[in-house]
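Geometric and topological summary
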Amino acid sequence: QVQLVESGGGLVQAGGSLRLSCAASGRFFSLNVMGWYRQAPGKQRELVAGITSGGNTNYADAVKGRFTISRDNAKNTVFLQMNSLKPEDTAVYYCKADIVIDWRAGIDVYWGQGTQVTVSS
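First, a word on scope: everything that follows refers to the structure included in this document. (Residues numbered from 1 in each chain as written. Predicted model: local features only at pLDDT ≥ 70, side-chain atom pairs only at ≥ 80, totals over all residues. Heavy atoms only, no water.)

1. So, the nonpolar core
- Ranked by internal contacts, the top residues of the largest apolar core, which has 27 residues, are Trp36, Val48, Phe67, Val78, Leu80, Met82 and Tyr93.
- Mapped by element, the contributors of at least two residues to this core are strand S3 (18-25), strand S4 (30-39), strand S5 (46-51), strand S7 (67-72), strand S8 (77-82), strand S9 (91-100) and strand S11 (115-120).
- Sorting elements by how many residues they give to this core places S9 first, with five residues.
- Residues contacting Val78, with those up to four places away along its chain left out, are Leu20, Ser21, Cys22, Met34, Trp36, Ile51, Ile69, Ser70, Arg71 and Cys95. (Core = buried A, V, L, I, M, F, W, Y, C linked by side-chain atoms within 4.5 Å. Buried < 20%, exposed > 50% of the residue type's maximum accessible area, 1.4 Å probe, protein only. Helix = DSSP H or I, 4+ residues; strand = E, 2+ residues; numbered from the N terminus. Contact = heavy atoms within 4.5 Å.)

So, in structure tokens, the structure goes:
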């Protein structure tokens, strides 16, 4: 069974940094696009950043220049380095991965359980 396990959330003061990690475990054929989403109370889940298996990245305008997404393909892990954090970055952060379980099948979408990031002013 494929699972995405996140770690690295917590409480930080404005201007501080946090690093999130998300590791994919289980048996699968390929791990394609991976990304981070976040959901603040009363708001819809939104894309924060994404990265392809080849390393191409995209970011939400709100985090450009402050957040960096990266991945270690050998360890099936994606990271989100968050610098210059602001109170408005407070949310539950979710890892998402597009995974091919079997080469004969299509792409399935998996989500992590979420990790809380709280930025105090």
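After presenting the structure, the write-up continues.
2. Observations concerning the sheet that holds strand S1 (residues 3-7)
- In space, the four strands of this open sheet follow the order S1-S3-S8-S7, with antiparallel pairing throughout. Every other strand in the sheet has two partners, leaving S1 and S7 as the edge strands with one partner each. Each neighbouring strand pair of the sheet contributes to a mean axis angle of 15°, computed without reference to strand direction.
- Two strands pair when backbone bridges link them, and S3 and S8 are joined in this way by six bridges, in the antiparallel orientation. Counterpart to Ala23 in the pairing with S8 is Thr77. (Pairing = 2+ DSSP bridges. Axes fitted to C-alpha atoms, helices over the stretch in contact; angles between N-to-C directions.)

3. Description of the packing of aromatic side chains
- Evaluated as defined, the whole model comprises one aromatic pair.
- Lying across the ring of Phe79, Arg19 places its NZ or CZ 4.1 Å from the centre.
- Sitting over the face of the ring of Tyr94, Arg45 holds its NZ or CZ atom 3.7 Å from the ring centroid. (Phe/Tyr/Trp six-rings, centres within 6.5 Å; stacked < 30°, edge-to-face > 60°. Lys NZ or Arg CZ within 6 Å of the ring centre and 35° of its normal.)

4. So, the side chain of Ser30
- As for its position among the elements, Ser30 is in strand S4.
- Side-chain polar atoms of Ser30 contact the side chain of Asn32, separated by 3.2 Å.
- In this structure, Ser30 is in contact with Asp98, Ile99 and Val100, ignoring residues within four places of it in sequence. (Polar contact = N/O pair within 3.5 Å; in protein donor to acceptor, adjacent residues only side chain to side chain.)

5. A look at the pattern of salt bridges
- In this structure the tally under the stated criterion is six salt bridges.
- Taking the shortest distance from any N to any O, the salt bridge between Arg66 and Asp89 comes out at 2.7 Å. Within this pair, whereas Arg66 is found in the loop between strand S6 (57-59) and S7, its partner Asp89 is found in the loop between S8 and S9, the two being separated by 23 residues in sequence.
- On the accessibility criterion, Arg66 (10% relative accessible area) is buried.
- Classification of Asp89 by relative accessible area gives buried; the value is 1%.
- With its nearest N and O atoms 3.2 Å apart, the salt bridge here joins Lys96 to Asp98.
- Residue Asp98 is classed as buried on the basis of its relative accessible area of 15%. (Salt bridge = Lys/Arg side-chain N within 4 Å of Asp/Glu carboxyl O.)

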